[in-house]
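# Working through the structure, step by step
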Amino acid sequence: MSETKTYESNTTLEAIAQDLRSVGDGTVVITTHSKPDGDALGSTLSLHRALRSIGVASVVVYLGYFPERFEYVVRADDDVLYDTDESGSVFEDERCAGACRVVICDTGARQQVRSALGYLEGKAAITTIVDHHRSGDSDLAAHRHVDITAAAACVSLAELCAHIVGAKDASGLTEPIAEPLYLGIGTDTGWFRHTNTDPRTLRTAASLLESGVDADRLVRMSEYGDPPGRVELLRRALNGTRLFCDNRAAIMKLHMIDLEAAGIEAGDTGGLVDVVRSVRTVEVVALLVEISDARVKVSMRSKGGDHAVNVAAIANAMGGGGHFHAAGARVDGDLAYADHLVERMLTDAIESGAS
Ligand SMILES: [Mn+2]
């Protein structure tokens, strides 16, 4: 993707904070990638609450399926709109129509904000991206802060929120702002297990704990928040699982009928790969979820180590994106086609890095 080269920062968090502090009576629209995860939720809600604390109005817009497990994070006094059917009609709301600024958190990729594209059209001059992904579409926003060394968008947001409220660092944030930030950092690092967990991640997280965050509650709600249908989903996912490449790679598969039988949405399949990733020999796992007869969602995770598989490169080759150890794409074709494609790409990746 040619835009990858130019998808980098052209402003600082301090400058973004200064700009947002100066908007007066205007409303800031805050959004993120569709089917928000913990980091998407954390980055948007923390910014919303930080702005509210200094008297700046904002509204958060969530695109697509909203995971039930995260409903508890949104509080009664948060201003949130849901574009659940991804029609984009939610942007007709007068607060969106009259927005003075738009902030997109945890993504900068057109394909991840598809139902907002009509709304974002012509608004690049007033739009800011705060992201930590390697690739995105620069033309979406005139102002960009892209820190690919940040373990989560929430690491950058913690700093941005501190600038907004005038705190010296994240330890000076109030609990309502700190809680979603801690959730985002926790979930994007696999609760501090993934290779992206570095000193800065832990320092930021420690500062957030000092703000009074109930970390145990966040882990319980987000990690132990599966509905009973999860067991049926797991049973079906394991039925469709196979190891290959001397047990170094694994593919898990879910058909639409599996999701229906388990009563689980396609956006709520996170964590399934952990069951297979725990196998010692497995270096990379792909989860294939059938979205329609002709479309498959591919999520890939790799472990760290000397010859770690770069799943971002594989995802890019399939038109998707992500991080070195966690990436995904949507493949046009049926499940059998996607299965063959992914098996070949994982095999190539393992064999080219084999020692
Ligand atoms: Mn993220």
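Residues numbered from 1 in each chain as written. Predicted model: local features only at pLDDT ≥ 70, side-chain atom pairs only at ≥ 80, totals over all residues. Heavy atoms only, no water.

## Brief notes about the coordination of the manganese ion
Those donors, Asp-39 (OD), Asp-106 (OD), His-132 (NE2) and Asp-188 (OD), are the protein atoms that reach the manganese ion, and they lie 2.1 to 2.4 Å from it. All donors of the manganese ion belong to a single chain; written as a sequence motif, their spacing is D-x66-D-x25-H-x55-D. Here His-132 lies in the loop between β5 (127-131) and β6 (143-146) and Asp-39 lies in helix α2 (residues 38-53), a separation of 93 residues in the sequence. Summarising the burial analysis for this pair, Asp-39 and His-132 share the class buried. (Donors = N, O, S within 2.8 Å, 3.2 Å for Na, K, Ca; no water. Helix = DSSP H or I, 4+ residues; strand = E, 2+ residues; numbered from the N terminus. Buried < 20%, exposed > 50% of the residue type's maximum accessible area, 1.4 Å probe, protein only.)

## Observations concerning the packing of helix α6 (residues 175-188) against helix α8 (residues 215-223)
Packed helix pairs are specified by the crossing angle of their axes together with the interaxial distance, meaning the distance between the axes. Viewed as axis vectors pointing N to C, α6 and α8 meet at an angle of 55 degrees, and their least axial separation amounts to 10 Å. Judged by the angle between their axes, α6 and α8 are oblique. In this structure, α6 meets α8 at a crossing whose hand is right-handed. Contacts between α6 and α8 involve Glu-179, Tyr-182, Leu-183 and Thr-187 from the first element and Ala-215, Arg-217, Leu-218, Ser-222 and Glu-223 from the second. (Axes fitted to C-alpha atoms, helices over the stretch in contact; angles between N-to-C directions. Parallel < 35°, antiparallel > 145°, perpendicular 65-115°, else oblique. Left-handed = near helix turned anticlockwise from the far one by under 90°. Contact = heavy atoms within 4.5 Å.)

## Describing the packing of aromatic side chains
Within this structure, the stated rule accounts for seven aromatic pairs. An angle of 85 degrees between the planes, with centres 5.2 Å apart, marks the rings of Phe-66 and Tyr-82 as edge-to-face. Of this pair, Phe-66 sits in the loop between β2 (57-63) and β3 (80-83) while Tyr-82 sits in strand β3, and the two are 16 residues apart along the sequence. Looking at Phe-66, the relative accessible area reads 11%, which means it is buried. Here Tyr-182 and Trp-191 contribute two aromatic rings whose centre-to-centre distance is 6.1 Å and whose plane-to-plane angle is 45 degrees, an arrangement assigned as tilted. A single burial state applies to Tyr-182 and to Trp-191, both of which are buried. An aromatic cluster is defined as three or more aromatic residues linked by ring pairs; in this entry it consists of Tyr-62, Phe-66 and Tyr-82. Across from the ring centre of Tyr-119, 4.0 Å away, lies the NZ or CZ of Lys-123, which sits over that ring. (Phe/Tyr/Trp six-rings, centres within 6.5 Å; stacked < 30°, edge-to-face > 60°. Lys NZ or Arg CZ within 6 Å of the ring centre and 35° of its normal.)

## Side note on the environment of Val-74
Position of Val-74 relative to the elements: it lies in the loop between β2 and β3. With 33 residues separating them in the primary sequence, Val-74 and Leu-41 have C-alpha atoms 8.6 Å apart. With residues up to four places along the chain from it excluded, the contact list for Val-74 reads Leu-45, Arg-49, Phe-66, Val-80 and Tyr-82.

## Description of the domain arrangement of the chain
The domain boundaries assigned to the chain delineate domain 1 (2-223) and domain 2 (229-353). Each of domain 1 and domain 2 was reduced to a C-alpha centroid, and the two centroids are 27 Å apart. On the side of domain 2, 15 residues touch domain 1, which itself brings 12 residues to the contact. In total, domain 1 and domain 2 occlude about 1100 Å² of area from one another, counting both sides; carbon and sulfur atoms represent 44% of this. The tally of links from domain 1 across to domain 2 stands at zero salt bridges. The interface formed by domain 1 and domain 2 holds two residue pairs in polar contact (both at pLDDT 80 or more) in total. (Domains from an automatic or database assignment. Buried area = accessible area lost by both parts, 1.4 Å probe. Salt bridge = Lys/Arg side-chain N within 4 Å of Asp/Glu carboxyl O. Polar contact = N/O pair within 3.5 Å; in protein donor to acceptor, adjacent residues only side chain to side chain.)

## Examining the pattern of salt bridges
Between side chains of opposite charge, a pair can form when the charged atoms approach closely. Considering all chains together, one arrives at 25 salt bridges under this definition. Residue Glu-343 is joined to Arg-242 by a salt bridge in which the shortest nitrogen-to-oxygen separation is 2.4 Å. Taken together, the positions of Glu-343 in helix α13 (residues 335-353) and Arg-242 in strand β7 (residues 241-244) put the pair 101 residues apart, joining distant regions of the chain. Several salt bridges converge on common partners, so that one network encompasses Arg-49, Arg-52, Asp-77 and Asp-78.

## Some points on helix α9 (residues 229-239)
All buried positions along α9 are accounted for by Gly-229, Arg-230, Leu-233 and Ala-237. Projected onto a plane normal to the axis of α9, the buried residues spread over an arc of 100 degrees and lie on a single side. Relative to its buried face, α9 has exposed residues pointing more than 90 degrees away, namely Val-231 and Asn-239. Elements in contact with the buried residues of α9: β7, β8 (249-254) and α10 (256-262). (Arc of directions from axis to C-beta.)

## Some remarks on the environment of Leu-202
Counting through the fold element by element, Leu-202 comes out in helix α7 (residues 199-210). Take Leu-202: its relative accessible area is 44%, and that puts it in the partly exposed class. Placed 16 residues apart in sequence, Leu-202 and Gly-186 show a C-alpha to C-alpha distance of 9.8 Å. Every residue in contact with Leu-202, bar those within four places of it in the chain, is listed here: Phe-192 and Thr-197.

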